[in-house]
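# Secondary and tertiary structure notes
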Amino acid sequence: MQPLTSSAPRRDPAPSRIAYRLQRLWLTPLFRLLVRAGLPMVLVAGAASWYLAQPENREALMAQVAELRRSIEARPEFMVRLMVIEGASDSVADDIREILPVDFPVSSFDLDLQAMRERIEELDAVARADLRIRSGGVLEIRIVERQPAAVWRVHGDLELLDAEGRRVAVLESRLERPDLPLLVGVGAERAVPEALALLEAAAPVRERIRGLVRVGERRWDLVLDRDQRIMLPERDPVQALLQVMALNEAQELLARDITVVDMRIPARPTLRLSETAIEELRTLRRVKTENRP
Amino acid sequence: MNQLYASQRAMRQMRRAAIQRGLIAILDIGTSKISCLILRFDGPDSFRPSDGIGPMAGQSTFRVIGAATTRSRGVRFGEIDSMPEAERAIRTAVQAAQKMAGERVDHVIACFSGGAPRSYGLAGEIDLGGEMVREQEVSRVLAAAEVPDYGEGREVLHAQPVNFAIDHRTGLSDPRGQIGNRLAADMHMLTVDAAVIRNLLYCIKRCDLELAGLASAAYVSGLSALVEDEQELGAACIDMGGGTTSLSIFIRKHMIYADCVRMGGEHVTLDISKGLQVPLATAERIKTFYGGVVATGMDDREMIEIGGRTGDWEHDRRTVSRAELIGIMRPRVEEILEEVRVRLDAAGFEHLPSQQIVLTGGASQIPGLDTLAPKILGQQVRIGRPLRVQGLPQAATGAGFASSVGLCLFAAHPQDEWWDFEIPVEGYPARSLKRAVKWFKENW
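Residues numbered from 1 in each chain as written. Chains lettered and ligands numbered in written order. Predicted model: local features only at pLDDT ≥ 70, side-chain atom pairs only at ≥ 80, totals over all residues. Heavy atoms only, no water.

This paragraph deals with the nonpolar core. Residue and element names in this part refer to chain B. Membership of the largest hydrophobic core comes to 74 residues, with the highest contact counts inside it found for Leu-27, Leu-39 and Leu-214. With eight residues, the top contributor of residues to this core is helix 2 (residues 83-101). Counting residues in hydrophobic clusters, the runner-up holds 38 residues, among them Leu-247, Val-293, Leu-344 and Ile-357. (Core = buried A, V, L, I, M, F, W, Y, C linked by side-chain atoms within 4.5 Å. Buried < 20%, exposed > 50% of the residue type's maximum accessible area, 1.4 Å probe, protein only. Helix = DSSP H or I, 4+ residues; strand = E, 2+ residues; numbered from the N terminus.)

Below, the structure written as structure tokens:
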């Protein structure tokens, strides 16, 4: 009989039970996937988390990343050396240079164009600003300035307003811009479009206009020379003014000795005569009654 | 019988599940080699009819993706002799096949030739009462077959219905849907030694595999080595293996007889070893290179170095003529074939319409067997090789792989066995009630 407890070192071509089972395990698709994809992933994730769990490692890594970022940002192709302002008058350009404290050369990564644009647009004289970094390291600022449309006098100061009522600049003297109409009164800046429409409507008497007065922050008075005053209603003032202009056209109303044309109630225009005119009127009426038989 | 039903049904279920998963292993446990094939089932749609490939007896549904053969150990006469050795050999074959396939298999269909298979013809008959035959009637007629006393410690391996008869019409392959008064069935039952099956089961279980089917090697080699018309007209397949020579008789595409002669190629090797005083490995080598069974004048002059390692020059330089070798081999081969003839006669093979005999198996490759065999077995003898299946490596297409290939076919398309029909419900009360009603109708 063969020895049952074989101690023979003869090489057995058959796989051992363990080897056989391991091979079968290895051929199991799920296990294969686990070992080939799952195990490396777990190992890498584990190693990474172990490394990052130590604060000095983390800091070193952050520093390295920051250094790398710095070195890329500081490359000459990203540097901005020059600022060009286009479309702005000299005073506005000076203002812009003043409020943008940029020390050139600077990396384009450090320029916050959005914030710069907001700061520039905060300037009164600037309607719109476009910023871009042109090739060659030039920061180009394209400005659209506000166009003054009226002079506004309030609290003794003179200011320039654009067509939307935004402040453009402070004016030293009315004589600097005699071409612009004068608006007076608190709250006038909020009704500039209406005022411009009124001035347009009052074109026939343009030479006589001295200005528009905002009354009680709600309605306009059109002041002409000879202290004539057209009091316009709060609602639909342009219509009322056109009515007055029509009267003027037909009967030369404004050429007469009238101090106030009161249109506050458009359905009932009221005229106020000057003192002398009243006297004259009374005289005329008396003459008429005396002449009557 | 019920327990057998249960275990066979469980195996069928497992086979179905394995085919559903698309992977099943074939294990041919022989005396001289153990081969393992791994089959991949791609489903029935792998070939369209427009490709010009028909179903081909189900071969087109699978392909071999792994094949391995190893020298058998611990197996004698097709039975497991030393369990650890046999387990190692099975592990070797399965591992190599798995490695080639790159897949893990869990289900295995095995065949073996040992266990002294014994055939029984069973006949059953039931009264139909003029009703149509349905599945239920088929299973009832199979259950009505009188099971012979096949002895203690034996197990039914195959039980296939081979013939149905309704009234006087016999030779029906499928009686379902037909109407008659009397349904009779013939069944072929093959029993083997239960201990052999138990050992095999245990051995396969120790390899972490699950058995999804069990077949007799005689049956499956007949499936692959006989061509279709031989199976139809009647033929005997003789699988000359290493330790056993199994024979099966087919007619009308059913196996009707199987038997096994416990002699094979290894006995020839043993004779050479004894006769020439050489070790078994040398004897095997001499047999494969120079073996034959018909001597010619040329063979007297062809000298074979038989060698040796004793250190004695005279002994180690011995030569033997090929005629002498043939003189040793031929009596043993004749003995095997004569024993087969006896078994065939006992089975009544000479009464079959066709006397075709097909020799296959590893030992059928002896040169000259095609002239020797007709002298003993009859005129219509041919050497058969297994039919080709897709993906089978060239090394596994020889006659020695007839049972492996047959097992593939068996796995793909098993014949209906007894346990594939549903268990007959005991229909007696309902039936007698019906008869009573009928009697009342006729008499009142």
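Let's shift gears to the confidence of the model for chain A. Across chain A, pLDDT averages 83, with 96% of residues at or above 70. Across chain A, element-level confidence peaks in helix 2 (residues 29-52) of chain A with a mean pLDDT of 93 and bottoms out in strand 8 (residues 167-171) of chain A with 79. (pLDDT = per-residue confidence, 0-100.)

This brings us to the layout of surface pockets. All names here are of chain B. If you add up the space inside the largest pocket, you get close to 1,300 Å³. In terms of lining residues, the largest pocket is bounded by 44 residues, among which Thr-31, Ser-32, Gly-242, Glu-266 and Glu-284 are the most central. At the level of elements, strand 1 (23-29), strand 4 (75-76), strand 6 (107-112), helix 7 (265-276) and helix 8 (280-290) are the ones that each hand at least two residues to the lining of the largest pocket. Residue composition of the lining of the largest pocket, by class: 15 nonpolar, 20 polar and nine charged. The space that makes up the second largest pocket amounts to roughly 880 Å³. Every residue lining the second largest pocket is counted, 35 residues in all, and those nearest its centre are Leu-223, Gln-231, Lys-253, His-413 and Gln-415. Of all the secondary-structure elements, those providing two or more residues to the lining of the second largest pocket are strand 8 (154-166), strand 9 (169-172), helix 5 (217-225) and helix 6 (228-233). The biggest single contributor to the lining of the second largest pocket is strand 8, with five residues. (1 Å grid on protein atoms, 1.4 Å probe; cavity = no way out; pocket = protein on both sides within 12 Å on 5 of 7 lines; lining within 4 Å. Points joined across faces, edges and corners; volume = space filled by probe spheres on them. Nonpolar A, V, L, I, M, F, W, Y, C, P; charged D, E, K, R; others polar.)

With respect to the helices and strands, the residue Arg-24 of chain A is situated in helix 1 (residues 17-26). On the basis of relative accessible area, Arg-24 of chain A is assigned to the buried category, the value being 2%. Within the structure, the side chain of Arg-24 of chain A is placed 2.7 Å from the backbone oxygen of Val-105 of chain B, a separation counted as a polar contact. A polar contact is formed between the side chain of Arg-24 of chain A and the backbone oxygen of Asp-208 of chain B, at a distance of 3.2 Å. (Polar contact = N/O pair within 3.5 Å; in protein donor to acceptor, adjacent residues only side chain to side chain.)

For the coordinates displayed, the defined rule picks out six aromatic pairs over all chains. Each ring, one from Phe-289 of chain B and one from Tyr-290 of chain B, has its centre 6.2 Å from the other, and the planes form 50 degrees; the classification is tilted. With a relative accessible area of 25%, Tyr-290 of chain B lands in the partly exposed category. An aromatic cluster of at least three residues, connected via ring pairs, comprises Tyr-219, Phe-250 and Phe-410 of chain B. Against the face of Trp-220 of chain A rests Arg-214 of chain A, its NZ or CZ located 4.9 Å from the ring centre. (Phe/Tyr/Trp six-rings, centres within 6.5 Å; stacked < 30°, edge-to-face > 60°. Lys NZ or Arg CZ within 6 Å of the ring centre and 35° of its normal.)

Each partner contributes to the interface: chain B provides 18 residues, whereas chain A provides 14 residues. At the boundary of chain B with chain A, total buried surface from both sides reaches about 1,500 Å², with 41% on carbon and sulfur atoms. A per-residue breakdown of the area chain B buries against chain A is headed by Arg-91, Gln-95 and Arg-104 of chain B, which together make up 41% of the total. Between Arg-17 of chain A and Glu-87 of chain B there is a salt bridge, with the nearest N and O atoms lying 2.4 Å from each other. Joining chain B to chain A, the criterion identifies nine residue pairs in polar contact (both at pLDDT 80 or more). (Contact = heavy atoms within 4.5 Å. Buried area = accessible area lost by both parts, 1.4 Å probe. Salt bridge = Lys/Arg side-chain N within 4 Å of Asp/Glu carboxyl O.)

What follows deals with the pairing of strand 12 (residues 235-240) of chain B. All names here are of chain B. Burial within strand 12 is extensive, with six of its six residues counted as buried. Note that strand 12 and strand 13 (residues 245-251) share six bridges and pair antiparallel. Across the sheet, residue Ala-235 finds its bridge partner in strand 13, namely Phe-250. Both strand 12 and strand 17 (residues 356-360) contribute to a ladder of five bridges, which runs parallel. When the bridges of strand 17 are listed, Ile-238 appears paired with Leu-359. (Pairing = 2+ DSSP bridges.)

The next point concerns the side chain of Thr-269 of chain B. Residue and element names in this part refer to chain B. Locating Thr-269 in the fold gives a position in helix 7. Overall, Thr-269 belongs to the buried group, its relative accessible area being 3%. A polar contact of 3.1 Å, which involves the side chain of Thr-269, links it to the side chain of Lys-287. Filtering out sequence-adjacent residues up to four positions away, Thr-269 remains in contact with Leu-280, Ala-283, Glu-284 and Lys-287.

Turning our eyes to something else, we now look at the confidence of the model for chain B. Mean pLDDT over chain B works out to 86, with 93% of the residues at or above the 70 mark. The ipTM, which scores confidence in the relative placement of chains, is 0.75 for this predicted complex, and the corresponding pTM is 0.66.

Right, let's talk about a negative patch on the surface for a bit. A contiguous patch of negative charge on the surface is contributed by Asp-90, Asp-94, Asp-95 and Glu-98 of chain A. Along the chain, Asp-95 of chain A turns up in helix 4 (residues 90-99). (Patch = residues over 30% accessible without salt bridge, like charges linked within 9 Å, V, L, I, M, F, W, Y side chains within 5 Å. Areas by Shrake-Rupley, 256 points an atom, 1.4 Å probe, with all protein chains shown as cover. Lys, Arg positive; Asp, Glu negative; His and termini not counted. Charge placed at Lys NZ, Arg CZ, Asp CG, Glu CD.)

Before going further, it helps to examine the pairing of strand 2 (residues 33-41) of chain B. Residue and element names in this part refer to chain B. For strand 2, the tally of buried residues reaches nine of nine residues, placing the bulk of the element in the interior. Across the two faces of strand 2 the burial is the same, with Lys-33, Ser-35, Leu-37, Leu-39 and Phe-41 and Ile-34, Cys-36, Ile-38 and Arg-40 all buried. Looking at chain direction, strand 1 and strand 2 are connected through seven bridges and run antiparallel. What sits directly across from Leu-23, in strand 2, is Arg-40. Between strand 1 and strand 2, which pair antiparallel one after the other, the connecting turn spans three residues. Here strand 2 pairs with strand 3 (residues 62-71) via nine bridges, running antiparallel. Bridging from a neighbouring strand, Arg-40 pairs with Arg-63 of strand 3.

A few words now on the state of the cysteines. All names here are of chain B. Under the criterion given, the structure shown has zero disulfides over all chains. Left unpaired, Cys-111 is separated from the closest cysteine sulfur, that of Cys-408, by 9.9 Å. Free of any disulfide, Cys-408 has its nearest neighbouring cysteine sulfur in Cys-36, separated by 9.9 Å. (Disulfide = S-S within 2.5 Å.)

Glancing now at the pattern of salt bridges. All names here are of chain A. A complete count under the given rule lists 45 salt bridges over all chains for this structure. Between Arg-128 and Asp-130 there is a salt bridge whose closest N-O contact spans 3.1 Å. On the basis of relative accessible area, Arg-128 is assigned to the partly exposed category, the value being 44%. Looking at Asp-130, the relative accessible area reads 32%, which means it is partly exposed. Residues participating in the shared-partner salt-bridge network are Glu-86, Arg-132, Arg-134, Glu-140 and Arg-142.

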